[in-house]
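Residue-level structural notes
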Amino acid sequence: MTTEIWQLSESELLAESAAVSHRIQLLEARRIALVAEIDTRVSREKLGFPGPAGWLTSTTLLSPSKATKIVALARGMAAFPDIADAVNTGVMSVDHAAQILTFAETPPENLPQKGRDMARAALIKAATGPDARTGRIRAAITRLEDSFGTKKPPAENTDRNELFASKTLNGRLVLKGDFDAITGEKLLTALSPLTEPHPAVDGSQDDRSPARRRADAFGHILDQYLASSDRPIEGGERPHVNLHISLRDLTDLQNCGDADDITDDETSRAATESDTVDPVDINTGNPVDTDSATELGRENGGEGGAADRGAYRDLFGDGTSVGWLPWMGPLSRNTSRQLACDCVLTAIVMDENGNPLNLARTARTITAKQRTALTARDHGCAFPGCGKPAAWTEGHHIWHWGDGGPTDMNNLVLLCGFHHRLIHHSDWEVFMGTDNHPWFVPPATVDPYRQPRPSHARAGPHIA
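What counts as what
Residues numbered from 1 in each chain as written. Predicted model: local features only at pLDDT ≥ 70, side-chain atom pairs only at ≥ 80, totals over all residues. Heavy atoms only, no water. 1 Å grid on protein atoms, 1.4 Å probe; cavity = no way out; pocket = protein on both sides within 12 Å on 5 of 7 lines; lining within 4 Å. Points joined across faces, edges and corners; volume = space filled by probe spheres on them. Helix = DSSP H or I, 4+ residues; strand = E, 2+ residues; numbered from the N terminus. Nonpolar A, V, L, I, M, F, W, Y, C, P; charged D, E, K, R; others polar. Buried < 20%, exposed > 50% of the residue type's maximum accessible area, 1.4 Å probe, protein only. Pairing = 2+ DSSP bridges. Phe/Tyr/Trp six-rings, centres within 6.5 Å; stacked < 30°, edge-to-face > 60°. Arc of directions from axis to C-beta. Contact = heavy atoms within 4.5 Å.

Quick look at empty space enclosed by the protein now. The full count for this structure, using the stated rule, is 1 cavity of 30 Å³ or more. Lining the largest cavity we find Glu28, Arg31, Ile32, Lys66, Lys69, Ile70, Leu73 and Val94. Tallying contributions element by element places helix H4 (residues 64-79) first for the lining of the largest cavity, with 4 residues. Looking at the lining of the largest cavity, its residues break down into 4 nonpolar, no polar and 4 charged.

Now for unusual backbone geometry. Phi at asparagine 436 is positive, roughly 60°, even though this residue is not glycine. Among the secondary structure elements, asparagine 436 is positioned in the loop between strand S11 (429-432) and strand S12 (438-441). At arginine 450, a residue that is not glycine, the phi angle is positive and equals roughly 50°. Along the polypeptide, arginine 450 turns up in the loop between S12 and strand S13 (453-454). With a relative accessible area of 28%, arginine 450 lands in the partly exposed category.

Taken in spatial order, the 3 strands of this open sheet run S11-S12-S13, and their pairing is antiparallel. The strands lining the two open edges of the sheet, one partner per strand, are S11 and S13. Sheet topology places S12 next to S13; 2 bridges connect them, and they run antiparallel. Across the sheet, the residue bridging to tryptophan 439 is proline 454, located in S13.

Turning to the packing of aromatic side chains, a few remarks are in order. Evaluated as defined, the whole model comprises 2 aromatic pairs. Judged by centre distance (5.4 Å) and plane angle (65°), the ring pair of phenylalanine 383 and phenylalanine 440 falls under edge-to-face. Taken together, the residues phenylalanine 383 in the loop between helix H16 (368-378) and strand S9 (393-397) and phenylalanine 440 in strand S12 connect sequence positions 57 residues apart. Phenylalanine 440 shares its class with phenylalanine 383; the two are buried.

A word on helix H5 (residues 81-88). Those residues of H5 that sit buried are Ile83, Ala84, Ala86 and Val87. On an axial view of H5, the arc spanned by its buried residues comes to 160°, and they lie on one face. Looking at the packing, one finds that the buried side of H5 touches helix H1 (10-41), H4, helix H6 (94-105) and helix H7 (113-126). Remark: glycine 90 follows H5 within two positions and exhibits a positive phi of approximately 80°.

Alternating positions in S11 separate cleanly, Val430 and Met432 being buried on one face and Glu429 and Phe431 remaining unburied on the opposite face. As judged from the 4 bridges shared by S11 and S12, these two strands associate in the antiparallel manner. In the sheet register, valine 430 faces S12, and the bridge partner there is phenylalanine 440.

Next up, the structure:
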């Protein structure tokens, strides 16, 4: 009868974990040996696939890449019995076997056969036992390739560099990269100082996972690059994030107030007279193609009348995705407002032929001098209890630009990315107090009395 895990003593837990790990090693070796035999004995007709990899994927929970790796190991170790013996006896891991096998199959060109055998034996010995380290094995292989090879080692071959960026159906971006050692070192060096956990002022731990901290750090590096002046020119201007948005959607973002907050009288009249407003690029002012909207209107009957345009808005303009990013697509209204906090924003009203009727006023980004002054005032993220460094913060319009708020010191506050999103997507509020510093009002779920709280830099006994 198997003892329940919770009933095991600490010594038994450690012993059984080590024993199970050893059995897994032996079972992995057994599977590789079985696949090697299948590869040589079982016909394609019997397998129902061109090779063992497809059969493994279809009959087990293995992924195609894992199954392919097992077949490659099976075929490779058949040619190198010394590697197979180390794996079969459980003294070397399958990963280290794959590493050594790659070297054995493609050795440096100028390394003689005797040297290849000696090097392989030395690598197997270095990979034996729990003290084996991948870095040491790779370093030895690199030295051999450097001394006897005519080509760059794989770790230094920039021709193999790849970066895949795939947009998912739910509007996210998945990255997959394969970089040479120097590029990898640059990336990890840039990420390192930004991925350290940062406990809160009250001492509570940073609850972000390492992966989340790396993702946040990567986003910060992109922010710094896009904010620099050393970017190359593309399409006549420096790369920047664009947000396409129609004037109708921009005014719909206001919970109260009227369109005069962001447009002059002529623009307002144009928006009223037209049942639809074409989206525009907030940085360049270029209109977004609306042919698809016109075609949909025709399919619904008529030549684009008000009823057809209304049907189009019912289908695509429900207020949940009022913004549009050229690369990534739809953006929610709250995130659109957040992005518009610190950007150049020009609303352009288009007539039915796609010609601009008038331009509304433009909101400028926070200037360098304003940024310096904000840093001196807020010191960093102003949200109570945060205080992340100013370099990690973004400028937030307390009175949103879309609602008529100016880009002035008394309407700006520094917030880190997390708290910037929190302000836009929750019931937290911020206002400028009589002391000319930002104050924050928590939602009733945090404080039933909703007592204003001073900014992080102003917190303390000196605040009355």
